[in-house]
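Architecture at a glance
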Amino acid sequence: MREMSPLRNVRRWLDERFDWDDLVAPFRKKTVPLHRLSYWYFLGGITLFLFVIQVVTGILLLLYYRPGASEAFESVQYIMTQVQFGWLIRSIHSWSANLMIFTAFAHMFSVLFLKSYRKPRELTWVSGVILLFLVMGFGFSGYLLPWNTLAFFATKVGTEITGQVPIIGKPMMIFLRGGEEVTGATLTRFFGFHVAVLPGLATVLILLHVLLVQRLGISIPPKLEVQWTANPSAKREMKFFPNFMLREMMAWYVALGVLGALAAVFPWNLGVKADPFVSAPAGIKPEWYFLFMFQTLKLIPSKVWFIDGDVLGVLTFGLVGLLWLLLPFFESDQPSRTKGWITGFAVFALAYMAGMSVYGLLAK
Amino acid sequence: MAFLRNKLRPFSATHVGLAGFVVLAACVGYGQTTNSCLDCHSALPDPLGVSQEKFSQDIHAQKGLTCASCHGGDPTSDDPDKAMSRKAGWKGKIEHKQIPQLCGTCHSDPAYIRQFNPSLRTDQLDQYHTSVHGKRLAAGDTKVAVCTNCHSVHDIRAPSDPRSTVNPVNVANTCARCHADADYMKGYSIPTDQFAKYSTSVHHEALTVRGDLSAPTCTTCHGNHGAAPPGVDKVQNVCSNCHTFQAQMYEKSSHKKAFEAASLPGCVVCHSNHGISHPTDAKLGDGPEAVCMRCHAPGDRCDQARAEIQSSLSRLDEAIKGADRVLRVAESSGMEVSEARLGQDQARDSLTKARVTIHSFKRELVDQDIQAGLKIAAKNLQAGNEAMVERNHRRVGFGISLIAIGIVLAGLRLYIKKIES
Amino acid sequence: MPTDSQGMANAGDPLSPTIPRRRFVEMLLGGGFLATAVAFLYPVLRYLVPPKASDLGSDAVVAGRVGELKPNSGKVFRFGNRPGLLIHTSSGEYRAMSATCTHLSCTVQYRDDLRQVWCACHNGRYDLNGRNISGPPPRPLEDFEVQVRGDEIFVRRRRDA
C-alpha cells in the first residue's frame, strides 16, 4: 500500500492497542430499517446531541456562574454583558434546553406510535422514560439558577404543588426547597441537583439506553415486521455506520444552525432579580413543558367528593407517570385489543398534552 | 337564724335593688374615670348624642379627661340634676364664640399641657387671634371657624392619626367644608373654587397619591391657627420655603422688581396659587398655556429670548429621548448599556436644572445647563450606537457560521450520495 | 481492498468513492468541518479568557482609592445600576450611601461647606448617616457598608443579620 490515508493510520494504531476492529465489529453490522417513517429515528440522536451541547455549554457557564441568592443574578448578568461571547453560551444553553425537552418528548411519542417499546425493548423504554423525567428535572432546577422573579415564583408554585401529595408531599417539598420556603438554600440545592446529581444519573441511564439500542438494534414497526418475515427480499435497510450516521450528522448541524439563529436573534432574557418580599406578579406560569399539568390543576374544582382537587390532580399525574413507565409490560404479544388500547391512549395523551399546553399559554 | 332575718328585714327589695345597681355600676366603672354623662347621652339622639365608642376615640378621653373637663358639672353623679347643676359649674352647650377661649384655658397653659405632652405648642390661641377667622369672630361673625370646626369635637384625634380631620392628607377636605360651599360663603368676598382648583394640582397629587407628607396643603401656605392669605408681596417667601432655587434666581431677576412695582403676586402670576399644575415647556411657548405672552409683546426682545429658551429646552429633551430610544433597542437585543443608562440620569438632571434656571430669566444661564446636558446625552447616544454596531457584528458572525454550516451540510449530502451510488 | 496496488480506489467499495468527484467532496466536507470547528471554537476560546472588568457584581464595588479624595469631600460612583456617594469625612472616615434622592430621584452631592449631603433639585439635605434632615426628602438614603482593603475602598450593600 503506497498511499495510506491518515485515518487508516489512526485506525491501525488503535487496533494494535485496543483491539479496535473487534470492538467496533458489531456496530459495523448495525442496520436501520427503511420505511416511510424512518425519519423519526433521528430524534433520539438529536436529543443526545443536544444533551452534549448542554453539558459543554453548562461546563462553560460553570466557570463564571456563582450560586447563592446574593450573587447568582449578578453573575448571570456578568456572563451576558461582560464575558466575551457569554451571551452566546448562555442563550444557547437556555434554547438548547427547551429544544432538548421538545425532542425528548417527540422521541418518546414516536417510539410510542412506532411501537418500539415491545419485547425485548422494555428496558430501553423504562430507561428512556426515567430519562425524560430527569430531563424535566434538569429544566425545573436549571430555570431557577438565574434567580430572577419569574423563576423564583415558578419554583414556589411548582414545589408547592409537590407538597400536595398526601403523606410524603410535605417532606418532599421541604427536601426540594431546603426549608419551608423558597430561599437561597433552595438555589444552592437546585444547583447541586442540576450540575451533579442529575448529570450523574443521566449519564448512567444514557449509557444504558444507548447500549441497549445498539445491542438490540432498531425496532421494526409491527406491520412491516410481519411483511418482511413473510417476504425477506422486501426488507429494506441502511447501514448505521456510516450511512445513517452521516444523515444524523446533517440533522445535528441543522440543529446547530437553529440554535445559533435563536441565540443571535432572540437572546435569552435576563429578567429582574428575585425579591422574596415582593408579591407574585399576576399570571405566573411555569415553563411550557409543565403547562399542561399546571393548567389541568387550575381546571380541577377545589373539591372532588371528599378529596382536595389539587391532591387528586397530583395523584392522578403520579399514577399516569407510573403507568407510562411500565407501559411495555401491559402489552402482550397475543391480544391485539391491548395494542389498540395503548395506541388510543397514546393519541389521547398527545392531544391532551398539546391542547392543555396551548390552553395554558393563552390563558391569563 | 331568726336573729339575722330580723336584722335584715328593714332592707326592702327596692333598696337592695338600688344598692345592687350601684355596686354593679361601681364594678363596671372600676378602673375608669367616672363619666356618668355618657350613661344617658350615649342613648340620646342627635344633637345630644355622644356614644361611648365615639368618645373613646377622643385623645382627651384617652388622657383621662371627661365631659366635665369642658362642659363642667359633676361626672360622678348619676342624678341628672346634680350632674348638670350650675353649682357644680355645668356650662351646657358651649356657645360658638366661646369655644376658642374654652380650649385655650388648657391649651394656652404651658404648665398644664406639659403634664401631658411637653413638646406640644401652646400658642394656638394667640395665633388664632391674628387669623382672619379670629379677627372676624372678635368682630361678631359666628359663621367663621373655631377650634371644633377643624378639629372636630368629642372624637378629636391627634394630627398624626390618618383619620384625624387635621392630618395633612385631610386638611384640604376640612377647609373645603366651608370654603368650597358657595351658599355658606355667600356674603364673603372671597372665591370658593380654591379646593376644586387645588384638587387638580401637583401638590394635591403628591400628598394624596404619592403619599408625600411634605407636599403643601392649605395650612402649609396659609398657616393653620393663624390662617390668613399671605400678602401679595409675600407669596414668593411662602413658595421659597421648598422651591429655594427658583426663589433665589427670581429674587435676582428683572421680574421681581417689575412684579413688585405692579403689585403682582410673584410666583402666582405664572404658576397660579391653588390650581398649580405640572409646568411644561409649553409655558414658554405661544399657545394657550403660554404665560410670557400674557404681558410681553410678540416680537420684542423678551419674546425672542423665551422662544430661544424654549427651543433649546426641547432640543435637550429630544437629545435625551433619542439616546434613550437607541439604548432601549440595544438593551432589548441583549447588549450591555447599563453605564450609558445611568449617564442618562445625569442628562435628565441637567434638563431639570435648566428648567429651574429659567427663573433667573437670563438666557445665558439656561444655556449653560443645556449645553452640559447635551454633551452628556451625546456621549450616551454614542454608547448606544456602539452597542448597536456590536449587535450587528453578532448577526454577521452568526451569518458566517451559517455559511460554514451550509457548506458542511452540502458536503455531507454529496458525500452520502457518493458512497451510496 | 479499498485501493489497488497503485493506490487507485476500487470501484464499488462504499468507503472509497470514484476518483474525479472524490477530491472535491472531501475538500468540501473537510473545509466545512474546519470552518464550523473554527466558528465554534473561536467564541469558546474567547469566552474562556476572563474579561478585564473584574466586576464583582453590584454586590461589592471599588468606589475609589485611598488618597483619591481629600478629607471633607465626596464623589459619585457607580453602584450596580444606580449612583452611590462616597464621602471622606473631615475626621478621616469613609462613608457611603445611595446617591438617589428619595424625593424625586435627582442625584445628590456632598457639600463641604455644609458638611452635609445635599440635593440640588429642591434643597433637600441629609446628614452623614444618610438621614433626611431638611427639605422635601421623605426617607433617608440607603446606607452602604465601606471596607478599606489595601488602597482600595470597597462599598457593598449592608447585609442584615
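For the structure, see preceding data.
A few points on the structure. (Residues numbered from 1 in each chain as written. Chains lettered and ligands numbered in written order. Predicted model: local features only at pLDDT ≥ 70, side-chain atom pairs only at ≥ 80, totals over all residues. Heavy atoms only, no water.)

In this section: the overall build of chain A. Across its full length, chain A carries 14 helices and 4 strands. Counting over 364 residues, chain A shows a buried share of 46%. A separation of at least 24 residues holds for 75% of the contacts in chain A among residues at least 6 apart in sequence. Approximately 19,400 Å² of chain A is accessible, and the part contributed by carbon and sulfur atoms is 71%. (Helix = DSSP H or I, 4+ residues; strand = E, 2+ residues; numbered from the N terminus. Buried < 20%, exposed > 50% of the residue type's maximum accessible area, 1.4 Å probe, protein only. Contact = heavy atoms within 4.5 Å. Areas by Shrake-Rupley, 256 points an atom, 1.4 Å probe, with all protein chains shown as cover.)

As a further point, take helix 8 (residues 99–107) of chain B. Every buried residue of helix 8 of chain B is listed here: Ile-99, Pro-100, Leu-102 and Gly-104 of chain B. Its buried side turned inward, helix 8 of chain B meets helix 6 (67–71), helix 10 (124–130), helix 11 (132–138) and helix 12 (147–151) of chain B.

On to the interface of chain C and chain B, then. You'll often see interface size given as the accessible area lost when the parts meet. Contacts between the two partners involve 29 residues from chain C and, on the opposite side, 25 residues from chain B. Considering only the surface of chain C that becomes buried against chain B, Val-25, Leu-29 and Arg-78 of chain C emerge as the three largest contributors, covering 22% of it. On the surface where chain C and chain B come into contact, there are 0 salt bridges. At the boundary of chain C with chain B, the tally comes to 1 residue pair in polar contact (both at pLDDT 80 or more). (Buried area = accessible area lost by both parts, 1.4 Å probe. Salt bridge = Lys/Arg side-chain N within 4 Å of Asp/Glu carboxyl O. Polar contact = N/O pair within 3.5 Å; in protein donor to acceptor, adjacent residues only side chain to side chain.)

A separate point is the nonpolar core. Residue and element names in this part refer to chain A. Formed by 88 residues in total, the largest nonpolar core has its most connected members in Phe-105, Leu-112, Trp-125 and Trp-324. With 12 residues, helix 11 (residues 240–265) is the single largest residue contributor to this core. Here Trp-125 is in contact with Met-108, Val-111, Leu-112, Tyr-117, Trp-324, Leu-325, Leu-327 and Pro-328, once residues within four sequence places are set aside. (Core = buried A, V, L, I, M, F, W, Y, C linked by side-chain atoms within 4.5 Å.)

This next bit is on the pattern of salt bridges. All names here are of chain B. Following the criterion strictly, the structure yields 35 salt bridges over all chains and no others. Residue Asp-161 is joined to Arg-157 by a salt bridge in which the shortest nitrogen-to-oxygen separation is 3.6 Å. Asp-324 is paired through a salt bridge with Arg-348; the nearest N and O atoms lie 2.9 Å apart. Note that Asp-324 is positioned in helix 21 (residues 301–332) and Arg-348 in helix 22 (residues 338–357), a separation of 24 residues in sequence. The buried category is assigned to Asp-324, whose relative accessible area is 14%.

With that settled, the discussion passes to the packing of aromatic side chains. The full count for this structure, using the stated rule, is 33 aromatic pairs over all chains. With centroids separated by 5.4 Å and ring planes inclined at 65°, the aromatic side chains of Tyr-112 of chain B and Phe-116 of chain B adopt a geometry described as edge-to-face. Classification of Tyr-112 of chain B as partly exposed rests on a relative accessible area of 23%. Ring centres 6.4 Å apart and planes at 35° place the aromatic pair Tyr-250 of chain B and Phe-259 of chain B in the tilted group. When sorted by exposure, Tyr-250 of chain B lands in the same class as Phe-259 of chain B, which is buried. Taken together, the ring pairs in this structure connect Phe-102, Phe-140, Phe-175, Phe-190, Phe-193, Trp-288, Tyr-289 and Phe-290 of chain A into an aromatic cluster. Over the ring of Phe-240 of chain A we find Lys-30 of chain A, and its NZ or CZ is 3.8 Å from the ring centre. Between the NZ or CZ atom of Arg-394 of chain B and the centre of the ring of Trp-87 of chain A, over which it lies, the distance is 3.7 Å. (Phe/Tyr/Trp six-rings, centres within 6.5 Å; stacked < 30°, edge-to-face > 60°. Lys NZ or Arg CZ within 6 Å of the ring centre and 35° of its normal.)

Looking now at the side chain of Ser-164 of chain B. Residues and elements named next belong to chain B. Mapped onto the elements of the fold, Ser-164 is located in the loop between helix 12 and helix 13 (168–179). Separated by 3.1 Å, the side chain of Ser-164 and the backbone nitrogen of Val-166 make a polar contact. Residue contacts for Ser-164: discarding those within four places in its chain leaves Arg-157, Ala-158, Pro-159 and Asn-170.

Glancing now at the sheet that holds strand 8 (residues 132–134) of chain C. Residue and element names in this part refer to chain C. The sheet built from 4 strands is open, its strands ordered 5-6-7-8 with antiparallel pairing. For this open sheet the edge positions go to strand 5 (109–111) and strand 8, each flanked by a neighbour on one side alone. Looking at each pair of strands side by side, their axes are set apart by 40° on average, direction ignored. As paired strands, strand 5 and strand 6 (residues 116–119) are joined by 3 bridges and run antiparallel to one another. Paired with Tyr-110 across the bridge in strand 6 is Val-117. (Pairing = 2+ DSSP bridges. Axes fitted to C-alpha atoms, helices over the stretch in contact; angles between N-to-C directions.)

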